[in-house]
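Each chain is listed here by its residues.
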Amino acid sequence: MTIKENEPLAPLTTFKVGGNARYFIEAINADEIKEAVLFARGKNLPFFILGGGSNILISDLGFPGLVIKISLRGISHKEERGQILVTAASGEVWDDLVAFAVERGWSGIENLSGVPGTVGGAVVQNIGCYGSEVKDAIELVSVFDISDEQIKTLPFSECRFSYRNSLFKKTEGEKYVVLSAMFHLVNSSSFKIGDAYKDNRFDIGELVKKRNSSPGLKDVREVILGVREEKGMIIMGGRESYNSAGSFFKAPIVDRELFEQIMEIASRADKEKEQRLRPWFWDLMENKIKIAPAFLLEFTEFNKGYRRGRVGVSPKHSLSIINYGLAEAREIHNLARDMKGEVKRIFGVELTPEVEYMGEF
């Protein structure tokens, strides 16, 4: 295991910003993770687990402790009780796992095509898009418990998944480092249109029907990759990409009273826009409603194409902050702060970053 000092972190993130790590280790197995943790403890240093760097904003000051880059690799599978059980190491690129499954006709994660980052990051964040969340396919998660230095297996029920959240993002879950996850998939080459996702710009059911044949998983994957590119939400060779973290804010969930206020404010400001951007809200249980944060941002100055020096809002999607080149983390941080403040002022809605901040801002 090689320990590096003053290692640049910006190249390891999709924002391409941030300072250096005082110490840096790239771990390829559980033993190296253990060694890294013991090293940090021996020097009384904080440590941070880094995956694909796709959902993080690192301070320009860097990180004063140890950064452990997770690079565990490997994908295996077996068939059991009519299901395909696929186990992927936490350092595997998430979209490589999706491609692996789709190529073999295994359904369950195809709607999550093109999401950047690693398998470990996908589990911790409970990534989701186009009507699916990664939790829908998770069977169990293997972790390294740094409190007792043991490898443990957590069933789905103990992972406490919720919207863009999991046990691993909570205080009580900070002792766990995700090593791998097992996914239950179905051997089915066709896509079930009846469960298709729909928003104001994307109706996968309509898109796949245009192919004049029963849509396969590869068709669905290509459609989703295309739509993600159209929205500027993809980081992939051969496709138009930006230096960003994708969706910067989570979708807020509000009660009906606040929702009606939002509807009234938006309609009064621009009724045609409010209608055109539908559906921008989704009814949930217990009288709660999920709101598209991009819809709220479209009624501020921070809509698609807004630019402030070296940073700005993607010209393709108002939920994505981008680094136009040579930006500093503080510029992204300040823009996000102002976007959040304006939505609060206009609508009374508190936006929560989906992106994780690391270091001092």
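Everything here concerns the structure above.
First, a word on scope: everything that follows refers to the structure included in this document. Because the structure is predicted, anything quoted here is derived from the model rather than measured. Within every chain, residues take consecutive numbers counted from 1 along the sequence as written. Reporting in this predicted model follows two pLDDT cut-offs: at least 70 for local features of residues, and 80 or more for side-chain atom pairs to be given and counted; totals over whole chains, interfaces and linings ignore these cut-offs and use all residues. Computation of side-chain values covers all heavy atoms of the structure but excludes hydrogens and water.

### Topic: the packing of helix H2 (residues 94-103) against helix H5 (residues 217-230)
Next up, step 1: Between the N-to-C directions of two axes lies an angle of 0 to 180 degrees, each axis being a line fitted to C-alpha atoms and, for a helix, fitted only over the stretch in contact. Numbering of helices and strands runs from the N terminus, with a helix taken as a DSSP run of H or I at least four residues long and a strand as a DSSP run of E at least two residues long. Where H2 contacts H5, the axes come no closer than 9 Å and their chain directions differ by 150°. Comparing their axes, H5 and H2 come out roughly antiparallel. Read as a crossing pair, H2 and H5 show a hand that is left-handed. Of the residues in H5, those touching H2 at Asp95, Val98, Ala99, Val102 and Glu103 are Leu217, Lys218 and Arg221.
Next up, step 2: Gly falls in the polar group here, along with every residue not listed as nonpolar (Ala, Val, Leu, Ile, Met, Phe, Trp, Tyr, Cys, Pro) or charged (Asp, Glu, Lys, Arg). Residue classes in the contact of H2 with H5 are distributed as 4 nonpolar, no polar and 4 charged. Oblique is the label for any angle not covered by the other classes, which are roughly parallel (under 35 degrees), roughly antiparallel (over 145) and roughly perpendicular (65 to 115). The sense of a crossing depends on the near helix, which, turned anticlockwise from the far helix by less than a right angle, makes the crossing left-handed and, turned clockwise, makes it right-handed. By definition in these notes, contact holds between two residues if any of their heavy atoms fall within 4.5 Å.

### Some details on unusual backbone geometry
Next up, step 1: Along the chain, Arg278 connects to Pro279 via a cis peptide bond; the corresponding omega equals -5°.
Next up, step 2: Residue position: Pro279 is located in the loop between helix H6 (256-276) and strand E16 (281-283).
Next up, step 3: For Glu149, which is not glycine, the phi torsion reads 60° and is therefore positive.
Next up, step 4: Within the secondary structure, Glu149 sits in the loop between strand E11 (138-145) and strand E12 (150-155).
Next up, step 5: Residues other than glycine seldom take positive phi values, yet Glu286 does so here, at roughly 60°.
Next up, step 6: Looking at where Glu286 falls in the secondary structure, it is placed in the loop between E16 and strand E17 (288-291).
Next up, step 7: Exposed residues in this analysis have more than 50% of their type's maximum accessible area, buried residues have under 20%, and partly exposed residues fall in between, with area computed by a 1.4 Å probe over protein chains only. A relative accessible area of 73% means that Glu286 is categorised as exposed.

### Description of the sheet that holds E16
Next up, step 1: Following DSSP output, two strands are said to pair if at least two bridges run between them. Ordered in space as E15-E17-E16, the 3 strands form an open sheet in which the pairing is antiparallel. With partners counted over all chains shown, the strands left at the sheet margins are strand E15 (253-255) and E16, one partner each. The average undirected angle you get between the axes of adjacent strands in this sheet is 35°.
Next up, step 2: Seen against the sheet, H6 touches E15, E16 and E17 and runs at an angle of roughly 100° to E15.

### Details of the side chain of Glu342
Next up, step 1: Tracing the sequence through the fold places Glu342 in helix H8 (residues 329-347).
Next up, step 2: The exposure class assigned to Glu342 is buried, which follows from its relative accessible area of 19%.
Next up, step 3: Polar contacts involving the side chain of Glu342 include one to the side chain of Arg345, which spans 2.8 Å.
Next up, step 4: Not counting residues within four places of it along the chain, the set of residues in contact with Glu342 comprises Thr300 and Phe302. For this analysis, a polar contact is any N or O atom pair within 3.5 Å, provided that within protein one partner can donate a hydrogen and the other can accept it, and provided that sequence-adjacent residues contribute only side-chain to side-chain pairs.

### Observations regarding the nonpolar core
Next up, step 1: Counting 40 residues, the largest nonpolar core has Ile262, Phe295 and Leu296 as the members making the most contacts within it.
Next up, step 2: If you list the elements that add at least two residues to this core, you get H6, E17, helix H7 (293-297), strand E19 (311-313) and H8.
Next up, step 3: Looking at which element gives the most residues to this core, the answer is H8, with 7 residues.
Next up, step 4: If sequence neighbours within four positions are ignored, Phe295 has contacts with Ile262, Ala266, Glu274, Leu277 and Trp280.
Next up, step 5: Side-chain atoms within 4.5 Å are what join buried Ala, Val, Leu, Ile, Met, Phe, Trp, Tyr and Cys residues into a set we call a nonpolar core. Val98, Val143, Cys159 and Val227 belong to the second largest nonpolar core, which has 39 residues in total.

### Focus on the state of the cysteines
Next up, step 1: Throughout, a disulfide means two cysteine sulfur atoms within 2.5 Å of one another. Under the definition given, this model contains 0 disulfides.
Next up, step 2: You can see Cys129 has no disulfide; the closest cysteine sulfur is in Cys159, sitting 20 Å from it.
Next up, step 3: The exposure class of Cys129 is buried, given its relative accessible area of 13%.
Next up, step 4: Here Cys159 falls in the buried class, since its relative accessible area comes to 0%.

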